[in-house]
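One letter stands for each residue in the lines below.
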Amino acid sequence: MPELPEVETVRRGLAPRLVGVTLESVWTSGKPLRMNHPLDVRGLRRTLGEVAAVERRAKYLILTVAGRSIVVHLGMTGRLEIAPRAAEREPHTHVVWSLSSGADLRYVDVRRFGAVLCAADPAQLPEIELLGEDPLSRRFTPARLAELAAGRKRNAKTFLLDQTRVAGLGNIYVCEALHHARIHPEARVDRLDLSRITALHRAIQDVLRKAVANRGTTLRDYRDSSGQPGENQLTLQAYGREGEPCPRGDGQIRRVVIQGRSTFFCPACQRRS
DNA sequence: CCGGGCCTGCGG
DNA sequence: CCGCAGGCCCGG
């Protein structure tokens, strides 16, 4: 499910209900998550106490708790939600924290592609350390994007999905940003001139900011921390629109597979060079 | 780079 | 039954 805008929406929902609240105890389902990694139950038990901050780094949520951190990645179907303690647990609930506020914080993940990690210093986790530039940060400028793209003999789609360069985009927003910037998903990134890099930079930021304002894209599974779907699916220009007219010209949206992922683009307005 | 795998569910 | 799904990892 979740790319940067969805994770940011979850963060904004959680922060006011977690900061200053104490994680009193934790329960786990016993099932492994991403890559069959068992949950670190002892680490989670050591990471109880008052929540000082709820932050986001790319698609990761970072809860600072009593000087340590809980790091959550939602994979495809993960959800972090606040629920009344008395509410029945949904199937595929894998972690439940009891909060001093009387509610639960619950991690639910049908496909178990997500991760719940803990660490004394999250910056030292390889998952976090290896992340590239956050596209909504001040450091992400057209010049920075040009630097990241220089010398990379990869197509634009693959480049933008690579979390070690620009971190936070996934399949939907890569399709949308490339469409917005009129760049063909198979355009080689080291051959984009500065004006096209600048257009891409702007498209990435515009697409992500709009999606955050719309509280994320819900195609199927995504829900925020209150269980509410987002609204951004109503604004998608290319993703999921195979065969429909391009909203911006006389082309027709096509679907191809790049990097094993469905890729939607308009052959009329998105150019390779 | 590609293909496959992880896991479950849904829709054709 | 088959293909597909907002992510990521690994081996060849």
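This write-up is about the structure you can find in this document.

Rules used in this analysis
Residues numbered from 1 in each chain as written. Chains lettered and ligands numbered in written order. Predicted model: local features only at pLDDT ≥ 70, side-chain atom pairs only at ≥ 80, totals over all residues. Heavy atoms only, no water. Pairing = 2+ DSSP bridges. Helix = DSSP H or I, 4+ residues; strand = E, 2+ residues; numbered from the N terminus. Axes fitted to C-alpha atoms, helices over the stretch in contact; angles between N-to-C directions. Near = heavy atom within 4 Å. Polar contact = N/O pair within 3.5 Å; in protein donor to acceptor, adjacent residues only side chain to side chain. Nonpolar A, V, L, I, M, F, W, Y, C, P; charged D, E, K, R; others polar. Expected span 1.5 Å × (residues − 1). Buried < 20%, exposed > 50% of the residue type's maximum accessible area, 1.4 Å probe, protein only. Lys, Arg positive; Asp, Glu negative; His and termini not counted. Salt bridge = Lys/Arg side-chain N within 4 Å of Asp/Glu carboxyl O. Contact = heavy atoms within 4.5 Å. Left-handed = near helix turned anticlockwise from the far one by under 90°.

Our focus in this paragraph is the sheet that holds strand E5 (residues 78-84). A sheet is described by the order of its strands in space; here 8 strands give the open sequence E5-E7-E6-E1-E2-E3-E4-E8, paired in antiparallel fashion. In this open sheet, the two strands that pair with only one neighbour each are E5 and strand E8 (115-119). Each adjacent strand pair in this sheet contributes to an overall mean axis angle of 30°, direction not counted. Both strand E3 (residues 60-65) and strand E4 (residues 68-73) contribute to a ladder of 6 bridges, which runs antiparallel.

Taken together, Asn36, His92, Val110, Arg111, Arg112, Phe113, Arg154, Thr158 and Arg220 form the complete shell of residues around DNA strand B. At the protein interface, 69% of the atoms of DNA strand B within 4 Å belong to sugar or phosphate. His92 is positioned with one of its side-chain polar atoms (N or O) 3.1 Å from a phosphate oxygen of DNA strand B. Note that a sugar or linking oxygen of DNA strand B is positioned 3.1 Å from one of the side-chain N or O atoms of Arg220. Here the surface near DNA strand B is composed, by residue class, of 2 nonpolar, 3 polar and 4 charged.

Turning our eyes to something else, we now look at helix H1 (residues 4-18). The terminal C-alpha atoms of H1, which comprises 15 residues, lie 20 Å apart, in line with the 21 Å expected from a rise of 1.5 Å per residue. Every buried residue of H1 is accounted for by Leu4, Pro5, Glu6, Val7, Glu8, Thr9, Val10, Arg11, Leu14, Ala15 and Leu18.

Bringing the side chain of Arg196 into the picture now. Structurally, the position occupied by Arg196 is in helix H7 (residues 194-213). Nearest to the buried, unbridged Arg196 among oppositely charged side chains is Asp193, at 5.2 Å. There is a polar contact of 2.9 Å between the side chain of Arg196 and the backbone oxygen of Arg182. Excluding residues that lie within four positions of it along the chain, Arg196 makes contacts with Arg182, Ile183, Arg271, Arg272 and Ser273.

This part covers the pattern of salt bridges. Once the charged atoms of two side chains with opposite charge are near each other, the side chains can pair. By the definition in use, this model includes 16 salt bridges. Among the ionic pairs, Arg144 bridges to Glu147, the shortest N-O distance being 2.7 Å. A residue pair is termed a helical-turn pair when its members lie 3 or 4 positions apart in one helix, as Arg144 and Glu147 do in helix H4 (residues 142-149) at 3 residues. Assessed through its relative accessible area of 24%, Arg144 is described here as partly exposed. You can call Glu147 exposed: its relative accessible area is 54%. In this structure, a network of salt bridges that share partners links the residues Glu8, Arg11, Arg12, Arg56 and Asp134.

To continue, consider the pairing of E4. Within E4, 6 of the 6 residues are buried, which leaves it mostly tucked inside the rest of the structure. Side chains Arg68, Ile70 and Val72 of E4 all project onto a buried face; the interleaved residues Ser69, Val71 and His73 project onto the opposite face, where all are buried too. Counting the residues between successive antiparallel strands, the hairpin from E3 to E4 contains 2 residues, one of them, Ala66, with a positive phi of roughly 50°. Two strands pair when backbone bridges link them, and E4 and E8 are joined in this way by 5 bridges, in the antiparallel orientation. Pairing of Val71 across the sheet is with Leu117, part of E8.

Now for the environment of Glu242. Mapping Glu242 onto the fold places it in the loop between H7 and strand E9 (254-258). Spatially, the C-alpha atoms of Glu242 and Ala119 are 43 Å apart, while their sequence positions differ by 123 residues. When sequence neighbours within four positions are dropped, the list of residues in contact with Glu242 reads Ile253, Arg255 and Phe264.

Let us now look at the side chain of Thr93. Here Thr93 shows up in strand E6 (residues 93-99). Side-chain polar atoms of Thr93 contact the backbone oxygen of Glu90, separated by 2.6 Å. Setting aside anything within four residues of it in sequence, one finds Thr93 in contact with Trp27, Ser29, Tyr107 and Val108.

A word on the packing of H1 against H7. Interaxial distance between H1 and H7 falls to 9 Å at its minimum, and their mutual angle equals 35°. Here H1 runs over H7; the crossing is right-handed. On H7, the residues that touch Leu4, Pro5, Glu8, Thr9 and Arg12 of H1 are Leu208, Ala211 and Val212. Split into classes, the residues belonging to the contact of H1 with H7 amount to 5 nonpolar, 1 polar and 2 charged.

Such coordinate-based values are descriptive only and should not be taken to indicate function.
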